[in-house]
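# Report on the structure
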Amino acid sequence: MKNLLTRFLKSSKLFELFMIFIGITFSMQFNNWNEERKLKQLELELISDLYVDVTEDYNDIQKNIITTEKSFLRPLKYLDSCLTTIQPVNQSDLKDKLQIKMGRSSMSMNIGAYESFKHQGIALMKNSRLKIKLFEYYESGLNQLNRQRESQSEFGDNYIMPLSIKYCENFFEMPYSNYLLLRNNPSDKRVINYWVRMYEFNQYINKKLIPLQEDLKLEKEKELIANGIDPKLILQVAETSKS
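First, a word on what this report is: a plain description of the structure on this page.

Cut-offs used in this document
- Residues numbered from 1 in each chain as written.
- Predicted model: local features only at pLDDT ≥ 70, side-chain atom pairs only at ≥ 80, totals over all residues.
- Heavy atoms only, no water.
- Core = buried A, V, L, I, M, F, W, Y, C linked by side-chain atoms within 4.5 Å.
- Buried < 20%, exposed > 50% of the residue type's maximum accessible area, 1.4 Å probe, protein only.
- Helix = DSSP H or I, 4+ residues; strand = E, 2+ residues; numbered from the N terminus.
- Contact = heavy atoms within 4.5 Å.
- Arc of directions from axis to C-beta.
- Salt bridge = Lys/Arg side-chain N within 4 Å of Asp/Glu carboxyl O.
- Phe/Tyr/Trp six-rings, centres within 6.5 Å; stacked < 30°, edge-to-face > 60°.
- Lys NZ or Arg CZ within 6 Å of the ring centre and 35° of its normal.

Judged by nonpolar contacts, the single largest core of 28 residues is most densely connected at Leu 50, Met 125, Leu 134, Tyr 137 and Tyr 138. Those elements giving two or more residues to this core turn out to be helix H1 (2–83), helix H2 (112–121), helix H3 (128–167), helix H5 (186–226) and helix H6 (231–242). It is H1 that provides the largest number of residues to this core, a total of nine residues. When sequence neighbours within four positions are dropped, the list of residues in contact with Leu 134 reads Leu 50, Tyr 114, Phe 117, Met 125, Glu 139, Leu 216 and Lys 220. Judged by nonpolar contacts, the second largest core, of 26 residues, contains Leu 76, Leu 163, Tyr 167 and Tyr 179.

Next up, the structure:
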């Protein structure tokens, strides 16, 4: 009888230890699962924010290309062509106003979500392909565009603004008499020609960004859809929050 009691007590203690082990193991696994779930949620929130930013950039840059062509590049090209003809264009033959246009239509460059990604999301994001595309777009593409903008802005302030003051009157429009003066100034004509080239290069960079944006959007859409999130709904929520 005593041996049976001893064996029962030993079995009870072993069972108790076993249950404690099971409880601790389950608790650790649950905590790990819960932590992984939270990290995944943070990753998806970051991807959603990045998706909204690059979609806004994508829509914005296409408007920017059209506006730059119509409002700046076209009138500057026309002026440049009138300056490089063998003979001055007769005033009666001018097809448009002669203008030294200055300024730019700027893409907004939404980088808020990317800054968050750099500071806290690099290790969080598991999709290596998406990481590479993010660095390619933000560190290479947008940085090149930003450098071009700064260079163009500096050139405009230092060279184009003085020419505009010298030759133009209201709203950058050039009287015909001043057009004739500009034609006879080779250095000023070169400045105008270079200004046209800067706008053309700006357009080239903008157009080069579009395939990067499209690839990045597609990669983010795949990631969101794979996790049961509708990308269109993400954009709708972002649009609603702005209004």
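Having seen the structure, we can now continue with the description.
Quick look at H2 now. Think of an α-helix as 3.6 residues a turn; residues three or four steps apart then line up on the same face. Along H2, the positions that sit buried rather than exposed are Ala 113, Tyr 114, Phe 117 and Gly 121. In a view along the axis of H2, the buried residues occupy a sector of 100°, so they form one face of it. Residues of H2 that are exposed and angled more than 90 degrees away from the buried face: His 119 and Gln 120.

Across all of its chains, the model carries eleven salt bridges by this definition. The closest approach of N and O atoms between Lys 77 and Glu 200, which form a salt bridge, is 3.7 Å. Residue Lys 77 is located in helix H1, and its partner Glu 200 is located in helix H5; the two are separated by 123 residues in the primary sequence. One salt bridge in this structure joins Glu 139 and Lys 118, with 3.7 Å as the shortest N-O distance. Pair noted here: Glu 139 is in helix H3 and Lys 118 is in helix H2, with a separation of 21 residues, a long-range link.

So, about the packing of aromatic side chains. Scanning the model with the defined rule gives twelve aromatic pairs in all. The interplanar angle of 10° and the centroid separation of 4.2 Å between the aromatic rings of Tyr 114 and Tyr 138 together place this pair among those described as stacked. Here Tyr 114, found in helix H2, pairs with Tyr 138, found in helix H3; they are 24 residues apart in sequence, far enough to count as distant. Of the two residues, Tyr 114 and Tyr 138, neither departs from the other in class, the shared state being buried. Taken together, the ring pairs in this structure connect Phe 72, Phe 155, Tyr 159, Tyr 194, Trp 195 and Tyr 199 into an aromatic cluster. Its guanidinium or amino end placed over the ring of Phe 72, Lys 101 lies 5.5 Å from that ring's centre, counting from NZ or CZ.

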